[in-house]
Amino acid sequence: MIADFSCIHSIVVLTGAGISAESGLSTFRLKDGLWDNHKVEDVATPEAFRRNPDQVHKFYNARRRQLNSVVPNAAHRALARFEQHFAGNFLLVTQNVDDLHDRAGSKNLIHMHGELLQSRCTDCGIIEKIVYDLSTESVCVRCQRTGTIRPNIVWFGEIPLAMETIYDALSQCDLFVSIGTSGNVYPAAGFFQQAKMAGAQTIELNLDPSEGASSFDDCHYGLATELVPDFFQLP
Ligand code: APR
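For every chain, the first residue of the written sequence is number 1, and numbering continues from 1 along that sequence. Whole-chain, interface and lining totals are the exception, using all residues; otherwise, since this is a predicted model, local features are given only for residues with pLDDT of at least 70 and side-chain atom pairs are given and counted only at 80 or more. Calculation of side-chain values draws on the structure's entire complement of heavy atoms; hydrogens and water are dropped beforehand.

Caption draft 1: Representation of the overall build of the protein chain in the model. Within the protein chain, the secondary structure is distributed over 10 helices and 9 strands. For the radius of gyration, the atom set is restricted to C-alpha positions; the globular benchmark scales as 2.2 Å times the number of residues to the power 0.38. Relative to a compact globule of 235 residues, whose C-alpha radius of gyration would be 18 Å, the protein chain shows 18 Å and is just as compact. Throughout this description, buried means an accessible area under 20% of the type-specific maximum (1.4 Å probe, protein chains only), exposed means over 50%, and partly exposed covers the range between. When each of the 235 residues of the protein chain is scored for burial, the buried share is 51%. All accessibility values rest on the Shrake-Rupley procedure with a 1.4 Å probe; residue burial counts only the protein chains present in the view. Here the protein chain has roughly 11300 Å² of accessible surface; of this, 50% comes from carbon and sulfur atoms. A positive count includes Lys and Arg, and a negative count includes Asp and Glu. His and the chain ends are not counted in either. Here the site of a charge means atom NZ of a Lys, CZ of an Arg, CG of an Asp or CD of a Glu. Each charge class in the protein chain can be summarised by its mean position, and for the 19 positive and 28 negative side chains these summaries are 8 Å apart. Numbering goes from the N terminus for both helices and strands, where a helix is a DSSP run of H or I of at least four residues and a strand is a run of E of at least two.

Caption draft 2: Spatial organisation of the sheet that holds strand S5 (residues 127-129). Strand order in the open sheet formed by 3 strands is S5-S4-S6, and the pairing between neighbours is antiparallel. The strands lining the two open edges of the sheet, one partner per strand, are S5 and strand S6 (149-153). The mean angle between the axes of side-by-side strands here comes to 40 degrees, regardless of whether they run parallel or antiparallel. Only heavy atoms matter for contacts: two residues are in contact if any of them lie within 4.5 Å across the pair. A fitted line through C-alpha atoms serves as each axis, taken over the contacting stretch for helices, and the angle formed by two N-to-C directions is quoted from 0 to 180°. In the packing of helix H5 (residues 53-66) onto the sheet, the strands contacted are strand S4 (114-121) and S6, and the crossing angle to S6 comes to about 55 degrees. DSSP-based pairing: two strands are paired if at least 2 bridges between them are found.

Caption draft 3: Structural detail: the state of the cysteines. Cysteine sulfur atoms that pair up within 2.5 Å are treated as a disulfide. Per the counting criterion, the structure on display carries 0 disulfides. The structure places no disulfide on Cys143, whose sulfur is separated from the nearest cysteine sulfur, that of Cys140, by 3.5 Å. Left unpaired, Cys219 is separated from the closest cysteine sulfur, that of Cys173, by 16 Å.

Caption draft 4: Helix H6 (residues 74-85), seen in detail. One fewer than the residue count of a helix, multiplied by 1.5 Å, yields its expected span. In this model H6 runs 17 Å from its N-terminal to its C-terminal C-alpha over 12 residues, within 8% of the 16 Å that 1.5 Å per residue would give. Turning to H6, its buried residues are Ala75, His76, Ala78, Leu79, Ala80, Phe82 and Glu83. The secondary structure elements touched by the buried residues of H6 are strand S1 (10-15), helix H1 (18-21), strand S2 (89-94), helix H7 (100-104), strand S7 (175-179) and helix H10 (224-231). Counted as a polar contact is a pair of N or O atoms within 3.5 Å, where, for protein atoms, one must be capable of donating a hydrogen and the other of accepting one, and residues adjacent in sequence contribute only when both atoms are in side chains. Between the side-chain oxygen of the N-cap and the backbone nitrogen of Ala75 there are 2.8 Å, and the N-cap of H6 in question is Asn73.

Caption draft 5: Spatial organisation of the site of the ligand. For each residue, the test is whether any non-hydrogen atom lies within 4 Å of the molecule or strand; if one does, the residue is near. Around the ligand, a shell composed of 23 residues is seen, among which Phe28, Arg29, Thr181, Ser182 and Asp208 lie nearest. One nitrogen or oxygen atom from the side chain of His113 is found 3.0 Å from an oxygen atom belonging to the ligand. Backbone polar atom of Leu207 to a nitrogen atom of the ligand: 3.1 Å apart, as the coordinates give it. Calculation on the ligand without its partners gives an accessible area of 730 Å², and the protein chains cover 95% of this total.

Caption draft 6: Spotlight on the environment of Glu128. Looking at the secondary structure, you find Glu128 in strand S5. Taking relative accessible area as the criterion, Glu128 reaches 26% and is therefore assigned partly exposed. C-alpha separation for the pair Glu128 and Cys140, spaced 12 residues apart in sequence, amounts to 9.1 Å. Filtering out sequence-adjacent residues up to four positions away, Glu128 remains in contact with Leu117, Gln118, Ser119 and Val141.

Caption draft 7: Fine view of the nonpolar core. Residue types Ala, Val, Leu, Ile, Met, Phe, Trp, Tyr and Cys, when buried and joined through side-chain atoms within 4.5 Å, form a set referred to as a nonpolar core. The biggest cluster of nonpolar side chains holds 23 residues, and the ones touching the most others in it are Ile179 and Phe232. Breaking this core down by element, the ones donating at least two residues are S1, H6, S2, S7, strand S8 (201-206) and H10. Sequence-distant contacts of Ile179, that is, excluding residues within four places in its chain, are made with Val13, Leu14, Thr15, Gly16, Ile19, Leu79, Leu205, Asn206, Ala224, Val228 and Phe232.

Caption draft 8: Seen up close, the side chain of Thr15. For Thr15, the location among the structural elements is in strand S1. A distance of 2.7 Å separates polar atoms of two side chains, one belonging to Thr15 and the other to Thr94. What Thr15 contacts, discounting residues up to four positions off in sequence, is Leu79, Leu92, Val93, Thr94, Gln95, Asn96, His101 and Ile179.

So, in structure tokens, the structure goes:
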């Protein structure tokens, strides 16, 4: 499966939890996924945080700590390597809040659902890089308030980050590749249609068909660590 990039000038790649699965991080909707073991409404909504902040902090603290024991896999590395050598525009949009794309070396990268390694103060808005656990006792480094620090994660019902930049890139791309996502959650699940409307070729690389699979121009199924290095082979 060697893609011909000679006439491609602008690429947008969307990734989901499936690209990090082979690094050892749980997906959300596969068997024994995160949403099998936690209710979204208990750990991933602003209401949950207001109702029981300790439970929400516990969920994200455990996921943050897990980052210490995982590393980027061949799929993360293949995307970073391709970006370094591709002469055109390359934007990687990830729904993932892990830091594996960052550690693999991806540069033009948007974490549209936020990042586990960031906190945000709900009072003064400052965003801080963190590696430690958060709690209701956490103190804001700027306004010194206690109890106002939350994970800088986009929860259900909140607006994903950098949407204008993403839609701008989708409107100009000539190749859109979706990797490791089930296509269950909007707006990310609709990105391939935006790209299609801009005339882009749309490709799905996934373990199994996503919700929108039948609308992609081309689909390849298997493990991301095999599909992605194969598709993004350097000339
Ligand atoms: N290689 C390729 N694809 C894989 C692999 C793998 N090794 N393992 C799993 N997948 C695929 C699955 O087939 C599935 O389609 O990854 C996808 C994971 O789907 P989800 O668990 O739904 O994760 P995702 O699509 O990223 O969820 C989107 O939902 O809950 C929210 O904010 C959360 O960002 C998340 C969003």
